[in-house]
Amino acid sequence: SLRAQSDASNLSAEEISERVLSFWEQHRLLETLRLGIRETVAFVHPSLAEFCSARYLTRFGDTELHDWLVAHRREPAWRETILLACGCGAAERIIPRLLELDTNDVCSTDAIVAAACIPESDKPAAKDVKAVIKSLSAKLTSRIPLICTEAAQSLCAVTPVAADICWEAAEPLL
């Protein structure tokens, strides 16, 4: 293992980084790509990069996490990372922040992403589930059909976790 190969107390951060990269390349998790004089190290599969990014994201402090979510929450490339971070234990920190950022703007998908985070979490907090459902319920009555459809589909994803609460939200619309 990598830990057995190095004595971290005697190595600089640069040496540790080099050994980690070498270890990951030997185990075919990373590959070095060269084009002319440019060299890039990349994960062999995007899922590995997303998982490592998610693990890193879970270590952010509250302010740093909030700032990162503000900057990246609407970028499709980061959606899976957000969901994986929730699965790695950060759901109770991520879901409320997404809901805080959700607005009445028709382009806002923050409640939709928050809803997708719920099934990824081991035990989502009841208050977070209720807040997501409340936010989605408001979108069910939108005059824009796509927003209604996305909200309904998101409620379907939350239903296995909170069927009773979802039913309460949907029943008045029937």
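Everything discussed here concerns the structure shown above.
Note that the coordinates shown come from a computational prediction; the quantities given were computed from them, not determined experimentally.

Draft legend 1. Region of interest: the overall build of the protein. For the protein, the count of helices and strands is nine helices and two strands. Over its C-alpha atoms the protein spans a radius of gyration of 20 Å, topping by over 25% the 16 Å that the globule rule assigns to 174 residues. Taking the principal axes of the C-alpha coordinates as reference, the protein spans close to 65 × 35 × 30 Å. Across the 174 residues in the protein, those meeting the buried criterion constitute 32%. Here the analysis covers contacts within the protein between residues at least 6 apart in sequence; of these, 53% occur between residues at least 24 apart. Of the roughly 11,000 Å² that the protein leaves accessible, carbon and sulfur atoms contribute 55%. A gap of 1 Å separates the mean positions of the 18 positive and 25 negative side-chain charges of the protein.

Draft legend 2. Representation of the pattern of salt bridges. Tallied over the full model, the rule gives seven salt bridges. Ionic pairing is found between E39 and R34, a salt bridge with its closest N-O pair at 3.0 Å. For E39, a relative accessible area of 51% puts it in the exposed group. Relative accessible area serves as the criterion here: at 60%, R34 is assigned to the exposed category.

Draft legend 3. Just the nonpolar core, in detail. In terms of nonpolar packing, the biggest core is built from 36 residues, with I94, C117 and V132 touching the most fellow members. Those elements giving two or more residues to this core turn out to be α3 (46-57), α4 (62-72), α5 (76-101), α6 (110-120), α7 (126-139), α8 (145-158) and α9 (163-170). By residue number, the principal contributor to this core is α5, which donates eleven residues. Beyond its immediate stretch of four places on either side in the chain, I94 contacts L65, L69, I82, A85, C86 and C117.

Draft legend 4. Here's a closer look at the environment of C86. Of note, C86 is situated in helix α5. Along the primary structure C86 and S154 are separated by 68 residues, whereas in three dimensions their C-alpha atoms are 16 Å apart. Those residues in contact with C86 that lie beyond four places of it in its chain are A91, I94, C117, E120 and S121.

Rules of the game
- Residues numbered from 1 in each chain as written.
- Predicted model: local features only at pLDDT ≥ 70, side-chain atom pairs only at ≥ 80, totals over all residues.
- Heavy atoms only, no water.
- Helix = DSSP H or I, 4+ residues; strand = E, 2+ residues; numbered from the N terminus.
- Rg over C-alpha atoms; globule rule 2.2 N^0.38 Å.
- Buried < 20%, exposed > 50% of the residue type's maximum accessible area, 1.4 Å probe, protein only.
- Contact = heavy atoms within 4.5 Å.
- Areas by Shrake-Rupley, 256 points an atom, 1.4 Å probe, with all protein chains shown as cover.
- Lys, Arg positive; Asp, Glu negative; His and termini not counted.
- Charge placed at Lys NZ, Arg CZ, Asp CG, Glu CD.
- Salt bridge = Lys/Arg side-chain N within 4 Å of Asp/Glu carboxyl O.
- Core = buried A, V, L, I, M, F, W, Y, C linked by side-chain atoms within 4.5 Å.

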